[in-house]
Protein chains: 4
Amino acid sequence: MARPKTEDKRKRILQAAVKVFARKGYFAARVSEIAKKAGVADGTIYLYFKSKEDILVRLFDEVMAEQAEEMGKVVRNLPAAPERLRAIAERHLRALGGNRDLAVVFQVELRQSTQFMARFTASWLGDYFALITDVIEQGQREGVLRADLNKKVATKAFFGALDEMVTSWIIGGKGYDLAQLAAPVVDLFLRGAAVSKKSAPARPALAAVATGRGGR
Amino acid sequence: MARPKTEDKRKRILQAAVKVFARKGYFAARVSEIAKKAGVADGTIYLYFKSKEDILVRLFDEVMAEQAEEMGKVVRNLPAAPERLRAIAERHLRALGGNRDLAVVFQVELRQSTQFMARFTASWLGDYFALITDVIEQGQREGVLRADLNKKVATKAFFGALDEMVTSWIIGGKGYDLAQLAAPVVDLFLRGAAVSKKSAPARPALAAVATGRGGR
Amino acid sequence: MARPKTEDKRKRILQAAVKVFARKGYFAARVSEIAKKAGVADGTIYLYFKSKEDILVRLFDEVMAEQAEEMGKVVRNLPAAPERLRAIAERHLRALGGNRDLAVVFQVELRQSTQFMARFTASWLGDYFALITDVIEQGQREGVLRADLNKKVATKAFFGALDEMVTSWIIGGKGYDLAQLAAPVVDLFLRGAAVSKKSAPARPALAAVATGRGGR
Amino acid sequence: MARPKTEDKRKRILQAAVKVFARKGYFAARVSEIAKKAGVADGTIYLYFKSKEDILVRLFDEVMAEQAEEMGKVVRNLPAAPERLRAIAERHLRALGGNRDLAVVFQVELRQSTQFMARFTASWLGDYFALITDVIEQGQREGVLRADLNKKVATKAFFGALDEMVTSWIIGGKGYDLAQLAAPVVDLFLRGAAVSKKSAPARPALAAVATGRGGR
DNA sequence: AATGAATGAGAGTTCATTCAT
DNA sequence: AATGAATGAACTCTCATTCAT
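Residues numbered from 1 in each chain as written. Chains lettered and ligands numbered in written order. Predicted model: local features only at pLDDT ≥ 70, side-chain atom pairs only at ≥ 80, totals over all residues. Heavy atoms only, no water.

### A closer look at the environment of B:G139
Residues and elements named next belong to chain B.
Then, number 1: Considering the arrangement of structural elements, one finds G139 in helix 7 (residues 114-142).
Then, number 2: Separated by 51 residues in sequence, G139 and L190 have C-alpha atoms that sit 11 Å apart.
Then, number 3: In this view, G139 contacts A81, V144 and L145; residues no more than four positions away in its chain are not counted. (Helix = DSSP H or I, 4+ residues; strand = E, 2+ residues; numbered from the N terminus. Contact = heavy atoms within 4.5 Å.)

Below, the structure written as structure tokens:
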């Protein structure tokens with residue numbers, strides 16, 4: 001029964017870290033404050049993590065591992081590329097929209113330095129990008145996505161759009177439901193902003209859906 | 001001509017700061033290193049800037065003021081919304097793609113903290129977003145952009161896509177020409193990733209899938 | 001007995017500070033030198049004191065608290081005003097004459113600024129003045145001290161005389177016994193410097209006491 | 001006509017220094033602030049003074065030279081020791097009571113360090129003490145002052161009493177006339193605080209003088 | 001004589017990390 | 001495993017002084 005208590009402590013430290021990093025920023029965050037919030041002694045943190053930076057790294061890794069697994073499941077359960085993209089967007093926005101502190105850490109604190117970013121890109125973010133690229137590729141093979149699309153550009157544009165939704169949501173602090181933006185974002189990604197040259201007066205039905213909210 | 005030497009010194013400090021911030025990151029950057037690289041004494045920096053943070057802030061403000069002005073000119077000289085978006089994208093990518101160090105500072109260092117970000121958003125970034133939103137609105141009025149588009153979401157998606165191009169370019173370190181991505185990004189933004197349903201009889205089945213509902 | 005080591009460390013820092021302040025002066029004193037002399041790390045000082053200034057303030061407060069208590073006891077155990085004044089003078093001179101470094105800190109370093117002085121006056125020095133004034137008042141009521149005396153002026157003159165004995169002793173550096181000056185100072189304060197017009201050939205006994213040494 | 005302007009500048013610097021030292025304290029005083037208040041450039045100060053400390057030293061020396069001369073005159077013009085002491089006290093208190101800023105510098109700033117104090121004592125203060133001692137000695141020879149008095153102790157007590165009047169006046173900040181304390185202080189010094197045992201009815205005339213006012 | 005931009009040495013303080021208990 | 005007192009390296013900024021003009 002030693003493990004559960006131990007695991008509990010580790011988790012408490014991680015949760016405390018999310019809060020402190022989010023409120024103060026990684027550099028201004030004090031290890032002693034994380035310890036205090038986690039209800040452990042300063043030194044105890046070093047029984048579970050190598051260093052302050054290690055806390056941030058593990059945080060990212062663990063959240064990402066969880067997300068990656070679920071993301072994989074979700075995608076596998078859907079057949080067509082558009083639905084898959086929609087599901088990805090929704091998960092992405094729901095995961096971060098559900099925990100503002102975590103979102104702050106992911107959007108802001110994890111981007112402290114080129115080295116940090118390069119490292120994360122190399123590990124999890126690379127996988128995420130690969131997942132999106134795969135779906136796009138599949139869409140192209142199946143003929144639902146334009147074959148003349150540059151896959152990499154499309155992948156980055158897709159991710160960049162989602163990423164910006166999250167960042168704006170954090171900064172805006174308006175508290176709207178982030179996940180609701182999944183639909184309009186994916187719709188825009190698929191159909192584009194321009195009026196389809198041959199399409200008639202546009203579909204009023206869809207318009208109603210796509211409009212709606214979407215705070216800044 | 002009263003202080004060419006003085007202005008020169010100020011500029012040298014700013015340029016040195018870009019380099020040092022880019023290589024070390026804002027926090028790890030040492031004021032003394034900036035001074036050394038600028039060829040001035042440590043104390044001299046404080047004749048031109050209030051603090052280390054002030055250097056970063058001025059850097060951002062001055063680059064942004066310059067960009068904002070040129071961005072305004074560029075947009076005013078073009079009539080249609082699509083061309084304007086293309087011009088914005090090109091300027092955006094060219095401005096950052098032309099100076100990797102500056103790009104690093106803008107993509108990474110300036111996003112150190114929510115406070116920093118909120119502050120920059122409030123000043124220049126807000127104007128930039130407004131400019132994009134205006135162009136989109138105009139396009140909607142003129143009937144070239146879909147009227148059922150959520151302007152804010154579209155603005156963020158547009159910016160987010162560009163932003164991610166820059167970030168990926170920095171991290172990739174591959175050294176390709178960033179500005180070349182302007183065309184595909186804008187094309188994707190305008191036409192979308194999906195195959196246009198009516199342009200060619202297309203595959204009805206798949207088209208139905210791509211249309212689908214508006215999501216959630 | 002929970003923290004003999006801790007208390008010991010605090011005391012060692014205070015003692016080291018007295019020495020360093022006395023030799024170098026408050027401003028020129030280096031925190032690192034105090035730490036070294038106390039046998040602790042620089043940072044350790046900040047576990048016990050808020051700042052360099054705080055060391056000085058605590059030093060004063062703690063010495064004064066101790067002195068004030070003993071001074072009160074001494075005075076309460078003596079009935080007549082003259083004896084009480086004599087006891088005060090003796091304690092005052094003995095307290096500072098027993099530790100030259102401490103005396104330097106009290107006579108010189110603590111008077112660095114009007115703010116410092118005002119602050120100390122407001123706290124302990126005010127109490128000390130009040131004690132002296134009380135004794136003088138009592139003497140007047142009892143008819144041993146002249147009723148036409150301005151109490152406040154007398155209080156300041158009494159304190160000023162003692163204070164100057166200490167200062168001169170410090171600067172002179174001759175190393176005589178400061179406490180021996182208590183008798184002549186109080187004698188002068190009580191009887192005055194002038195020849196008592198009606199008093200006969202003067203009292204040889206007291207003269208012997210008042211003369212003695214007391215070099216500057 | 002070069003000299004007057006130059007002398008004027010030197011004087012302006014000295015006057016500015018008195019104000020700044022008094023308000024900020026010697027250490028916190030900024031040379032640039034003195035320059036600004038004197039209406040000269042920072043560098044100009046170094047044409048007239050060797051260093052910041054030199055300003056303080058000159059300040060003291062010049063004021064003291066002036067005072068010493070006048071003090072000498074005053075004393076020479078009076079025959080008896082008691083009158084001379086009264087004149088000294090009055091000059092002392094009037095000189096400092098007439099210029100609070102100067103008084104602050106003399107009472108507080110000049111006592112920054114044992115070295116400072118020792119130095120000043122060695123030069124002017126030593127002369128001042130010698131003057132007082134001489135007068136006391138003379139009084140003893142003439143039989144107006146007690147022969148059994150320790151001259152040095154009496155000198156210090158006399159000076160200390162005056163010194164404390166000034167310090168209290170500065171700290172109190174009440175703004176009463178400092179010079180008015182000369183009479184009661186000297187009266188106390190000469191006649192003492194105790195009721196003269198044999199002079200029963202006491203001298204009403206002197207009593208009236210000794211009472212009077214006398215700020216806090 | 002006067003200027004004031006430039007210099008650069010210098011120190012208080014913080015805080016991640018360690019380690020004796 | 002847990003503690004938390006102790007460590008000490010590290011860094012921004014200030015300001016007396018200089019010197020080219």
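The discussion continues.
### Points about the domain arrangement of chain A
Residues and elements named next belong to chain A.
Then, number 1: Looking at the assigned domains, one finds that chain A contains domain 1 (1-49) and domain 2 (52-216).
Then, number 2: The salt bridge partner of E62 is R10, with a shortest N-O separation of 2.3 Å.
Then, number 3: At the surface where domain 1 touches domain 2, the tally comes to 7 residue pairs in polar contact (both at pLDDT 80 or more).
Then, number 4: Counting only elements with at least two residues in the side of domain 1 that touches domain 2, the list comes to helix 1 (2-24) and helix 2 (31-38).
Then, number 5: Per-element accounting of the side of domain 1 that touches domain 2 gives the leading share, 8 residues, to helix 1.
Then, number 6: Broken down by class, the residue content of the side of domain 1 that touches domain 2 amounts to 12 nonpolar, 1 polar and 4 charged. (Domains from an automatic or database assignment. Salt bridge = Lys/Arg side-chain N within 4 Å of Asp/Glu carboxyl O. Polar contact = N/O pair within 3.5 Å; in protein donor to acceptor, adjacent residues only side chain to side chain. Nonpolar A, V, L, I, M, F, W, Y, C, P; charged D, E, K, R; others polar.)

### So, the protein's contact with DNA strand F
Then, number 1: DNA strand F sits among 28 residues. The nearest are A:K9, A:T44, A:Y48, B:Y46 and C:T44.
Then, number 2: Residue D:Y46 places a side-chain N or O atom 2.8 Å away from a phosphate oxygen belonging to DNA strand F.
Then, number 3: Taken together, the elements giving at least two residues each to the surface near DNA strand F come down to helix 3 (42-48) of chain A, helix 3 (42-48) of chain B, helix 3 (42-48) of chain C together with helix 3 (42-48) of chain D.
Then, number 4: Classifying every residue of the surface near DNA strand F gives 14 nonpolar, 8 polar and 6 charged. (Near = heavy atom within 4 Å.)

### Regarding the interface of chain B and chain A
Then, number 1: In this assembly, 61 residues from chain B lie in contact with 69 residues from chain A.
Then, number 2: Across the interface of chain B and chain A, roughly 5500 Å² is buried in total on both sides, 61% from carbon and sulfur atoms.
Then, number 3: For the interface between chain B and chain A, the tally reads 4 salt bridges.
Then, number 4: The partner of B:D187 in a salt bridge is A:R146, with the nearest N and O atoms 2.7 Å apart.
Then, number 5: Inspection of the chain B/chain A interface yields 15 residue pairs in polar contact (both at pLDDT 80 or more).
Then, number 6: For the side of chain B that touches chain A, the secondary-structure elements that each account for two or more residues are helix 1 (4-24), helix 7, helix 8 (151-172), helix 9 (182-191) and helix 10 (204-211) of chain B.
Then, number 7: For the side of chain B that touches chain A, the leading source of residues is helix 8 of chain B, giving 14 residues.
Then, number 8: For the side of chain B that touches chain A, the per-class residue count stands at 31 nonpolar, 15 polar and 15 charged. (Buried area = accessible area lost by both parts, 1.4 Å probe.)

### Digging into the packing of aromatic side chains
Then, number 1: This model, assessed by the stated rule, comprises 26 aromatic pairs over all chains.
Then, number 2: Ring geometry for B:F129 and B:F159: centres 5.0 Å apart, planes at 50°, overall tilted. Linking B:F129 in helix 7 with B:F159 in helix 8, this pair joins segments that are 30 residues apart in sequence.
Then, number 3: Classification of B:F129 by relative accessible area gives buried; the value is 11%.
Then, number 4: Counting every residue linked through ring pairs, the aromatic cluster contains A:F21, A:Y26, A:F27, B:F21, B:Y26 and B:F27.
Then, number 5: Here the guanidinium or amino end of A:K52 rests over the ring plane of A:Y26, the centre of that ring lying 4.8 Å away. (Phe/Tyr/Trp six-rings, centres within 6.5 Å; stacked < 30°, edge-to-face > 60°. Buried < 20%, exposed > 50% of the residue type's maximum accessible area, 1.4 Å probe, protein only. Lys NZ or Arg CZ within 6 Å of the ring centre and 35° of its normal.)

### Let's talk about the relation of the copies chain B and chain A
Then, number 1: In the superposition of chain B on chain A (RMSD 0.2 Å, axial shift 0.0 Å), the rotation amounts to 179°. Both copies are brought into coincidence by an operation consistent with a two-fold rotation axis. Minimal C-alpha distance to the rotation axis in chain B is attained by B:G192, lying at 1.8 Å.
Then, number 2: Taken together, the interface assignments show that 93% of the residues at the interface of chain B recur at the interface of chain A, consistent with an identical surface on both copies. (Least-squares fit on C-alpha atoms with pLDDT ≥ 70 in both.)

### Let's talk about the protein's contact with DNA strand E
Then, number 1: Neighbouring residues of DNA strand E: 28 residues in total, closest A:R30, B:T44, C:Y46, D:K9 and D:T44.
Then, number 2: At 3.3 Å, a backbone N or O of A:A29 approaches a phosphate oxygen of DNA strand E.
Then, number 3: Contact between DNA strand E and B:G43: a base nitrogen at 3.2 Å from a main-chain N or O atom of the residue.
Then, number 4: At the level of secondary structure, the elements contributing two or more residues to the surface near DNA strand E comprise helix 3 of chain A, helix 3 of chain B, helix 3 of chain C together with helix 3 of chain D.
Then, number 5: Looking at the surface near DNA strand E residue by residue, the classes come out as 14 nonpolar, 8 polar and 6 charged.

### Here's the deal with the confidence of the model for chain A
Then, number 1: Confidence in the prediction of chain A, expressed as mean pLDDT, is 87, and 88% of residues score 70 or more.
Then, number 2: Confidence drops under a pLDDT of 50 for residues 199-216 of chain A, and excluding neighbours within four residues, the segment shows 35 contacts in the predicted structure. (pLDDT = per-residue confidence, 0-100.)

### Comments concerning the relation of the copies chain C and chain D
Each of the two copies of the chain can be brought onto the other by a rotation about an axis and a shift along it.
Then, number 1: By a simple turn and slide, chain C fits onto chain D: the slide is 0.0 Å along the axis, the RMSD is 0.2 Å, and the turn is 180°.
Then, number 2: Both copies share a contact surface, since 97% of the interface residues of chain C are interface residues in chain D too.

### A word on the packing of helix 4 (residues 52-76) of chain B against helix 6 (residues 100-107) of chain B
Residue and element names in this part refer to chain B.
Then, number 1: Axis separation between helix 4 and helix 6 bottoms out at 11 Å; the angle between their running directions is 110°. Relative to helix 6, the element helix 4 lies roughly perpendicular. Where helix 4 crosses over helix 6, the handedness of that crossing is left-handed. Two secondary-structure elements touch here, helix 4 through L56, L59, F60, V63 and M64 and helix 6 through L102, V105 and F106.
Then, number 2: Here the contact of helix 4 with helix 6 is composed, by residue class, of 8 nonpolar, no polar and no charged. (Axes fitted to C-alpha atoms, helices over the stretch in contact; angles between N-to-C directions. Parallel < 35°, antiparallel > 145°, perpendicular 65-115°, else oblique. Left-handed = near helix turned anticlockwise from the far one by under 90°.)

### Examining the packing of helix 8 (residues 151-172) of chain C against helix 9 (residues 182-191) of chain C
Residue and element names in this part refer to chain C.
Then, number 1: Running from N to C, helix 8 and helix 9 point in directions that differ by 155°, and their axes come no closer than 11 Å. By the angle between their axes, helix 8 is roughly antiparallel relative to helix 9. Classified by chirality, the crossing of helix 9 by helix 8 is right-handed. Seen from helix 8, the contacting residues are A154, F158, A161, L162 and M165; seen from helix 9, they are V185, V186 and F189.
Then, number 2: Taken together, the residues of the contact of helix 8 with helix 9 break down into 8 nonpolar, no polar and no charged.

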